[in-house]
Structure formats: C-alpha cells, structure tokens
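These are the residues of each chain, in order.
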Amino acid sequence: MKFFVDTADISDIRELAATGLLDGVTTNPSLIKKSGRDFMEVIAEICDVVDGPVSAETVATDHATMLKEGRKLAKIAKNIAVKVPLTVDGLKTCKVLTEAGTMVNVTLCFSATQALLAAKAGATFISPFVGRHDDISQDGMAVIEDIRLIYDNYDFATEILVASVRHPVHVLESARIGADVVTVPPEVIRKLFKHPLTDRGLEAFLKDWDETGQSIL
Ligand code: E4P
C-alpha cells in the first residue's frame, strides 16, 4: 500500500520524505489556505521534494474553466495529479486530461457508484473520504470495501486512494481491504511508528547493553 501525506506544509513533507517511506502528497484548497503560501509556488516546491504524485486541486466548477486550470497545473511538474471534484463537469475534465496523459485524482467521492463512474472516466486515483462519513455516523470503510469489490470485478486500473483519514485504525482497515493508497495527515503518520512496547523494549535492551560495557563500533 502506498502512503501519501495529506498536507501542504513543506516542512512536514520534507521530514516525512526523509524517512524514504513517502510515496506522494495530496493537497486541497483548505490545506493551501492553512499553509498560508502561494498555491502555484508551494505545489512546485512540493514537486521538487517528492518524486511521486502530488495532487493539486482545480477550483472552477464548469468543465471548460476546470480543464484550463487542470492544464495549467499539469505544467508545473511531471508528477502533478490534477484533482477534480466528483461532478459531471469534473468527470468530463477527468476524461480529457487522462486521455492526454495527465494523472487525475477524482476527489469528494462518497459512494461506490460515484467511484464506478470515476473509473469509467479513466481516473488515475479515486479519493473516497472515510472520515467525513464517520463524522455523520456512516461507515466510511464500508464504501472502500464496495469500491475494492467493484474495481476488482471489472479490472479497473483506477487506484483507490483512501482520503479523510483521521486515525491509525483507518490505515489498518485500508490495508486489510487492499486499498492502493492512503493519504494521511502528518500527525497520524507519526502515530503509526509508535508503540509503547517498542519504547519500553528498546529502553531495557539499551540498559542491558550498557551494562555489558561493549561497543559495536
Ligand atoms: C484528500 O485528498 C482530502 O482532501 C482530505 O483527505 C480531506 O480530509 P478531511 O476530511 O480531514 O478534510
């Protein structure tokens, strides 16, 4: 399973890229606002730091303008994935951009039937939002299970990119279901490394090693 980080904060991206475990980045207009940075500038900087797909979102709602925005964003770097919303105009734009060889991430997906349409439109990634389902007492991960089943039934190449991830259990369930990618906020990625028994075990090993008086180097 690929790990993307869901942020436009360049210092978090640099730190996580240095682990060698980061496969890509997703951003959205709210994350750009939070970064306080110029959109085009910060996306270009992220593309310099990370080799994998970097999602940059269009903001027009009509097909013609969305396509212009998508083409402009795609010129920033080779690893741009243009993000379009799951609307009629968004899927029309998705089809044109993917046929021209641009990666497209279809965002704001909340149902398996929407995901089916995105796959038919040739999306590179479909982004179902699990956390926002959970927020309204619906089962976000059940949607991921349905999408996995449907995509496997028809051998769709569209990658399931689990979005709106709020905690490590979303990551665990995504891996169990066989999602292709999870996009995870930096603070949740950091939690994935941690286990209290790892910390306690390491402390005990180091104490015992110290008492041997030996050194490896
Ligand atoms: C990712 O592409 C989405 O923009 C993001 O995961 C949304 O997450 P949120 O529901 O926490 O805002």
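Here's what I pulled together on the structure shown here.

Reading the values: rules and limits
- Residues numbered from 1 in each chain as written.
- Predicted model: local features only at pLDDT ≥ 70, side-chain atom pairs only at ≥ 80, totals over all residues.
- Heavy atoms only, no water.
- Salt bridge = Lys/Arg side-chain N within 4 Å of Asp/Glu carboxyl O.
- Buried < 20%, exposed > 50% of the residue type's maximum accessible area, 1.4 Å probe, protein only.
- Axes fitted to C-alpha atoms, helices over the stretch in contact; angles between N-to-C directions.
- Helix = DSSP H or I, 4+ residues; strand = E, 2+ residues; numbered from the N terminus.
- Parallel < 35°, antiparallel > 145°, perpendicular 65-115°, else oblique.
- Left-handed = near helix turned anticlockwise from the far one by under 90°.
- Contact = heavy atoms within 4.5 Å.
- Nonpolar A, V, L, I, M, F, W, Y, C, P; charged D, E, K, R; others polar.
- Pairing = 2+ DSSP bridges.
- Near = heavy atom within 4 Å.
- Polar contact = N/O pair within 3.5 Å; in protein donor to acceptor, adjacent residues only side chain to side chain.

1. Things to note about the pattern of salt bridges
Side chains carrying opposite charge are able to pair once their charged atoms draw close together.
No. 1: A complete count under the given rule lists 13 salt bridges for this structure.
No. 2: Between Glu 45 and Arg 37 there is a salt bridge, with the nearest N and O atoms lying 2.6 Å from each other.
No. 3: Look at Glu 45 and you get partly exposed, because its relative accessible area is 24%.
No. 4: Among the charged side chains, a salt-bridge network with shared partners connects Arg 14, Arg 37, Glu 41 and Glu 45.

2. Re the packing of helix 1 (residues 10-17) against helix 10 (residues 186-193)
No. 1: For the pair helix 1 and helix 10, interaxial distance at closest approach is 11 Å and the crossing angle is 25°. Viewed along their axes, helix 1 and helix 10 adopt a mutual orientation that is roughly parallel. Of the two possible hands of crossing, helix 1 and helix 10 adopt the one that is left-handed. For the pair helix 1 and helix 10, the contacting residues are Asp 12, Glu 15 and Leu 16 in the first and Pro 186, Ile 189 and Arg 190 in the second.
No. 2: Its residues assigned to classes, the contact of helix 1 with helix 10 comprises three nonpolar, no polar and three charged.

3. Focus: the sheet that holds strand 4 (residues 80-85)
No. 1: Read once around its circumference, the closed barrel built from eight strands follows the order 1-2-3-4-5-6-7-8, with strand pairing classed as parallel. The sheet shows a mean angle of 30° between the axes of neighbouring strands, taken without regard to direction.
No. 2: Where strand 7 (residues 159-162) meets strand 8 (residues 181-184), two bridges bridge the pair, whose relative direction is parallel. Bridging from a neighbouring strand, Leu 161 pairs with Val 181 of strand 8.
No. 3: Those strands touched by helix 8 (residues 140-154) are strand 6 (125-128) and strand 7, and its axis lies near 170° from that of strand 7.

4. A few points about the site of the ligand
No. 1: Close contacts around the ligand come from Asp 6, Thr 26, Asn 28, Lys 83, Phe 129, Arg 132, Ala 163, Ser 164, Arg 166 and Thr 183, and that covers them all.
No. 2: At a separation of 2.9 Å, an oxygen atom of the ligand approaches a polar side-chain atom of Arg 166.
No. 3: Broken down by class, the residue content of the shell around the ligand amounts to two nonpolar, four polar and four charged.

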